[in-house]
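Fold and contact review
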Amino acid sequence: MRKLAIGIGFGVVAVAGMFVVSRLPGADFDTWQRDLEADVPYDQRLALIAIENDPSIPAEAGIDVVMRAMLLPDIDVRRQAHAALVALARRAPEHIATILADVNEPEQRRRAALFASHACANGFYRLLLDRLPEPERPESDWFYNALVARAPIVIGPLRERLAGDDGEARSRAARAIAMLTTAAEPATAELTVSLDDSDERVRYWSLRALSAIERLPSESRKAVHARLSDESSRVRELAASVLVHQLVLVASESDETLARRALKQVRELGAKAMPGLEALFASEDERTVLIAARQLLRIDRDRALVAIVDAILDTTTVAVRRKLMGLLMDVGPDGLPYVVEGLREGRPGGRANLCRVLGSYGAEAAPAIPILAGTLHDLSPVTRHWAAYALGEIGDAALPTLPAIEAMLEGEDPETARQAFAARDKLRALRS
């Protein structure tokens with residue numbers, strides 16, 4: 001019974017489409033466009049059904065008209081416009097590919113083309129490969145998002161182009177593969193060979209592509225290492241970052257001997273390793289971040305402390321924040337100026353964590369008393385409570401802030417502000 005109902009429904013839709021196409025004697029594309037321009041949603045929907053079903057309407061012109069209809073206010077009209085666009089895209093994939101590839105196209109048209117691209121046959125993505133942007137041309141994500149949607153289909157032709165004789169095609173293919181990010185892994189061998197390409201653009205974008213691959217084989221790491229002496233500064237800098245990422249990964253997953261060897265190579269890179277180590281602070285793996293932070297401390301202590309404070313203030317995971325806070329506590333009062341600066345500039349959650357770090361410094365955090373006193377008026381209750389805790393840990397030098405702590409705690413729940421109440425009691429004991 002259900003199948004019968006579905007069949008009847010499809011039959012009704014088909015008949016309705018035939019009726020709409022022929023509902024006016026001599027109706028043509030201009031008629032449907034006029035209906036779309038009129039502010040009558042019913043007529044607009046009928047016009048879109050006609051454009052979708054009339055094979056005599058040029059698909060390219062129909063796509064352009066339907067894209068404008070997608071901006072009309074009536075939601076049912078927009079839905080019908082989406083359906084019409086999908087049908088027309090199947091008839092004119094070249095036009096959809098052209099819209100996506102043209103950086104001068106308005107955003108709404110490229111957005112609509114990206115939506116319609118999913119309805120096109122796989123051959124559509126080969127059309128996109130013929131329109132790869134120049135490697136150094138600024139480009140929005142629209143074009144590459146369409147490639148990523150069918151990465152398994154396009155990666156093969158891209159690998160062929162990367163290994164070809166045409167230098168311009170190689171550079172365009174290298175950039176496109178880099179935009180596939182983790183889906184670029186099947187091209188690892190070609191990308192490794194391309195690190196020796198005579199074209200600087202090919203070497204750079206091949207490195208960008210390799211940087212997205214989690215674990216590179218040893219021959220790829222050796223090829224990346226060779227780029228540390230590249231004639232191009234941006235290739236050298238990127239090679240160092242990629243190599244550092246791989247070495248830290250080796251250190252975090254290997255036995256002690258291999259880990260020591262990998263970290264020794266990181267330290268030998270010196271200043272070249274710093275951008276790569278800082279980039280690893282964005283990782284959600286606490287071991288990776290901790291290794292990166294410790295190595296950065298050994299290379300440039302000041303820069304490392306700035307990066308650690310920034311990471312604590314940033315949206316890192318709870319486990320990563322705790323590890324970094326522990327590292328900052330281990331550094332001791334040497335980190336005081338950086339923590340104070342972070343407390344002055346940071347976000348609410350991060351400031352609370354920095355207050356906890358200051359508390360761990362005890363009496364040596366006395367220079368931070370003025371900013372901690374100001375933090376007692378913070379909009380975040382958690383930050384206020386941990387500021388009070390830090391003042392309590394500082395001790396005698398923080399006694400003048402006791403009245404402010406007491407005023408702050410009026411009406412506070414002792415259960416949720418245990419650390420702050422403990423700090424108040426500690427300072428009261430010192431005063432007496």
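Turning our attention to the side chain of Asp230. Relative to the elements of secondary structure, Asp230 occurs in the loop between α14 (218-226) and α15 (233-253). With relative accessibility at 3%, the residue Asp230 sits in the buried group. One polar contact links Asp230 to Arg203, side chain to side chain, over a distance of 2.7 Å. With residues up to four places along the chain from it excluded, the contact list for Asp230 reads Arg203, Val235 and Arg236.

Despite not being glycine, Thr181 has its phi angle at roughly 50°, a positive value. Structurally, Thr181 can be placed in the loop between α11 (167-179) and α12 (188-194).

Time to look at the pattern of salt bridges. Applying the stated criterion across every chain, the model contains 28 salt bridges. Across the pair Arg79 and Asp76 runs a salt bridge, and its minimum N-O distance is 3.4 Å. A residue pair is termed a helical-turn pair when its members lie 3 or 4 positions apart in one helix, as Arg79 and Asp76 do in helix α5 (residues 75-91) at 3 residues. Residue classification places Arg79 among the exposed positions, given a relative accessible area of 53%. Arg351 is paired through a salt bridge with Asp378; the nearest N and O atoms lie 2.5 Å apart.

Among the structural elements, Ile57 can be located in the loop between α3 (41-53) and α4 (59-69). Its relative accessible area of 3% is what places Ile57 among the buried residues. In this structure the C-alpha to C-alpha distance between Ile57 and Glu231, which are 174 residues apart in sequence, comes to 56 Å.

Moving on: the packing of α3 against α5. At a minimum axis distance of 9 Å, the contact between α3 and α5 shows a crossing angle of 10°. With respect to α5, the axis of α3 lies roughly parallel. Together, Pro41, Gln44, Arg45, Leu48, Ile49, Ile51 and Glu52 of α3 and Asp76, Val77, Gln80, Ala81, Ala83, Ala84, Ala87, Leu88 and Arg91 of α5 make up the contact between the two elements. When the residues that make up the contact of α3 with α5 are grouped by side-chain class, the tally is 10 nonpolar, 2 polar and 4 charged.

The next subject is the packing of aromatic side chains. Counted according to the given criterion, the structure contains 4 aromatic pairs. When the ring of Phe124 is compared with that of Tyr125, the centres are 4.9 Å apart and the planes differ by 80°; the resulting orientation is edge-to-face. Overall, Phe124 belongs to the buried group, its relative accessible area being 2%. The class for Tyr125 is buried, based on a relative accessible area of 0%.

So, on to the confidence of the model for the protein chain. Here the protein chain averages 88 in pLDDT, and 92% of its residues register 70 or above. Across the protein chain, the secondary-structure element scoring lowest on mean pLDDT is helix α1 (residues 2-21), at 44, and the one scoring highest is α12, at 97. Low pLDDT, under 50, characterises residues 1-26; the predicted model gives this stretch 15 contacts beyond four residues in sequence or across chains.

With 17 residues, α5 extends 25 Å between its outermost C-alpha atoms, agreeing within 8% with the 24 Å of an ideal straight helix rising 1.5 Å per residue. Listed as buried for α5 are Val77, Gln80, Ala81, Ala84, Leu85, Val86, Leu88 and Ala89. On its buried face, α5 sits against α3, α4, α6 (93-101) and α7 (107-117). In this structure Asp74 caps α5, since a side-chain oxygen of it lies 3.0 Å from the backbone nitrogen of Asp76.

Within α14, the full set of buried residues consists of Ser220, Ala223 and Val224. Taken end-on, α14 shows its buried residues confined to a sector of 100°, consistent with a single buried face. In this fold, the buried residues of α14 make contact with α12, α13 (200-211) and α15.

Examined against the element boundaries, Thr401 turns out to sit in the loop between α24 (381-394) and α25 (402-408). The exposure class assigned to Thr401 is buried, which follows from its relative accessible area of 7%. In terms of polar contacts, Thr401 uses its side chain to reach the backbone carbonyl oxygen of Ala398, at 2.6 Å. Filtering out sequence-adjacent residues up to four positions away, Thr401 remains in contact with Ile369, Ala373, Leu376, Leu391 and Leu427.

Parameters and conventions
- Residues numbered from 1 in each chain as written.
- Predicted model: local features only at pLDDT ≥ 70, side-chain atom pairs only at ≥ 80, totals over all residues.
- Heavy atoms only, no water.
- Helix = DSSP H or I, 4+ residues; strand = E, 2+ residues; numbered from the N terminus.
- Buried < 20%, exposed > 50% of the residue type's maximum accessible area, 1.4 Å probe, protein only.
- Polar contact = N/O pair within 3.5 Å; in protein donor to acceptor, adjacent residues only side chain to side chain.
- Contact = heavy atoms within 4.5 Å.
- Salt bridge = Lys/Arg side-chain N within 4 Å of Asp/Glu carboxyl O.
- Axes fitted to C-alpha atoms, helices over the stretch in contact; angles between N-to-C directions.
- Parallel < 35°, antiparallel > 145°, perpendicular 65-115°, else oblique.
- Nonpolar A, V, L, I, M, F, W, Y, C, P; charged D, E, K, R; others polar.
- Phe/Tyr/Trp six-rings, centres within 6.5 Å; stacked < 30°, edge-to-face > 60°.
- pLDDT = per-residue confidence, 0-100.
- Expected span 1.5 Å × (residues − 1).
- Arc of directions from axis to C-beta.

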